[in-house]
Amino acid sequence: MELHALSASSRHRTDCAIVGIYEKGLLSSAAVAFDRESGKQISRLIKQGDVSGKLGETLLLTETKSSAARIVLVGLGSKDKFGRKQYRKALHAALNTVKKTGTVHATSFLSEETIAATNAYYVGRTTAEVTAQITYRVPDLKSSKKPAATALKKLSIAVLGAAERTQAEKGLQHGVGITSGMSLTRDLGNLPPNICTPT
C-alpha cells in the first residue's frame, strides 16, 4: 500500500474522495468544494435525510459529477468535539466502505479538518495505522480458492500546507514502520502451531 500526503488545495482527480459531514448537516471544507462541483448533490442528500453527520456513518456516491469518480461521505459527529478518537473512527469507517469498491487510489480530505489536541504528524501516523488495520489479512494456508485482495493500492491524505505535508509524511513513514511490526506479530499469532511452534 502506498501512502502519501499532498497539498490540500488541489482537488485532483481520484478514484474515491473521502469527505466529512458534521452533525446537523454541517459540511467540512472539502465537502463544500465537492458539493459545489457536483451541483449541490451533497446538500440535497442532507436535506433528504440520507446523511446525518453521525460519527462513523457512511454513504457512497458513485455518480458524483465531480473530479472524483466516487465520494464517500462520512459522519464526523460534533464539530466542537472532533478529536483524535473521532478522526480514527471516521477514517476507519470510510476505509471500510472504500475497501468494498473497486477503488485503486483514494484521497482522504478528513485530514484537512481541525482535529483537537493533535498535529499533522499524528494524523499521518494514525492514517497509516488505520489503513494497515483495514487491509490486514490473516495468513491463508488453505489450498482452496483464495479470497480476492482489496483493490485499494494507494491512499493520499490532504493537508493544509508545505510544513504540514512534511510532518504528515514523517508520520506516515513512522506509522508504516510500526504497523509492519504489528502485522508480523499478528501473522505469527495467527499461524497454526504445526508451523509456528513455541520455539
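A brief look at the structure comes next. Here, residues in each chain are numbered from 1, in the same order as that chain's written sequence. Where local features are concerned, this predicted model is filtered to residues with pLDDT of at least 70; where side-chain atom pairs are given and counted, the filter is 80 or more; whole-chain, interface and lining totals use all residues. The side-chain numbers reported here are obtained from all heavy atoms of the structure, hydrogens and water having been left aside.

In this section: the environment of Gly53. We count a stretch as a helix when DSSP gives it H or I for four or more residues in a row; a strand needs E for two or more, and each element gets its number in order from the N terminus. Relative to the assigned elements, Gly53 resides in the loop between helix H2 (41–48) and strand S4 (58–61). Separated by 67 residues in sequence, Gly53 and Ala120 have C-alpha atoms that sit 23 Å apart. Apart from residues no more than four positions distant in its own chain, Gly53 is found in contact with Ile21, Tyr22, Glu23, Gly75, Leu76 and Gly77. Whether two residues are in contact is decided by their heavy atoms, any of which lying within 4.5 Å being enough.

Multiplying 1.5 Å by the residue count of a helix minus one yields the expected span of that helix. An ideal rise of 1.5 Å per residue puts 42 Å on 29 residues; helix H5 (residues 162–190) measures up with 41 Å between its terminal C-alpha atoms. Throughout this description, buried means an accessible area under 20% of the type-specific maximum (1.4 Å probe, protein chains only), exposed means over 50%, and partly exposed covers the range between. The complete set of buried residues in H5 reads Ala168, Gly171, Leu172, Gly175 and Thr179. Elements in contact with the buried residues of H5: strand S1 (2–7), helix H4 (120–135) and strand S7 (154–159).

Turning to the packing of H4 against H5, a few remarks are in order. What counts as an axis is a line fitted to C-alpha atoms, over the stretch in contact for a helix, and the angles between N-to-C directions run from 0 to 180 degrees. Between H4 and H5, whose axes approach to 6 Å, the crossing angle comes to 30 degrees. In this structure, H4 meets H5 at a crossing whose hand is right-handed. Facing H4, whose interface residues are Ala120, Tyr121, Gly124, Arg125, Thr127, Ala128, Glu129, Ala132 and Gln133, H5 presents Glu164, Gln167, Ala168, Lys170, Gly171, Leu172, His174, Gly175, Val176, Ile178, Thr179 and Arg186. Residues that form the contact of H4 with H5 fall into these classes: 8 nonpolar, 8 polar and 5 charged. Crossing handedness: left-handed means the near helix sits turned counterclockwise from the far one by under a right angle, and right-handed means the same turn made clockwise. Side-chain classes follow a simple rule in which Ala, Val, Leu, Ile, Met, Phe, Trp, Tyr, Cys and Pro form the nonpolar group, Asp, Glu, Lys and Arg form the charged group, and the remainder, Gly included, forms the polar group.

Among the structural elements, Thr97 can be located in helix H3 (residues 84–99). The buried category is assigned to Thr97, whose relative accessible area is 14%. If we skip the residues at most four places from it in the chain, Thr97 touches Thr58, Leu60 and Val72.

What follows concerns the pattern of salt bridges. For side chains bearing opposite charge, pairing can occur when the charged atoms are close. We define a salt bridge as a contact between a side-chain nitrogen of Lys or Arg and a carboxyl oxygen of Asp or Glu at a distance within 4 Å. Applying the stated criterion to the full structure yields 2 salt bridges. As a salt-bridge pair, Arg88 and Glu129 come within 2.9 Å of each other at their nearest N and O atoms. Taken together, the positions of Arg88 in helix H3 and Glu129 in helix H4 put the pair 41 residues apart, joining distant regions of the chain. Residue class for Arg88 comes out partly exposed when judged on its relative accessible area of 29%. Between Arg125 and Glu129 there is a salt bridge, with the nearest N and O atoms lying 3.3 Å from each other. Taken as a pair, Arg125 and Glu129 lie in helix H4 at a separation of 4 residues, close to a single helical turn. Among the charged side chains, a salt-bridge network with shared partners connects Arg88, Arg125 and Glu129.

What is shown is where atoms sit, not what they do.
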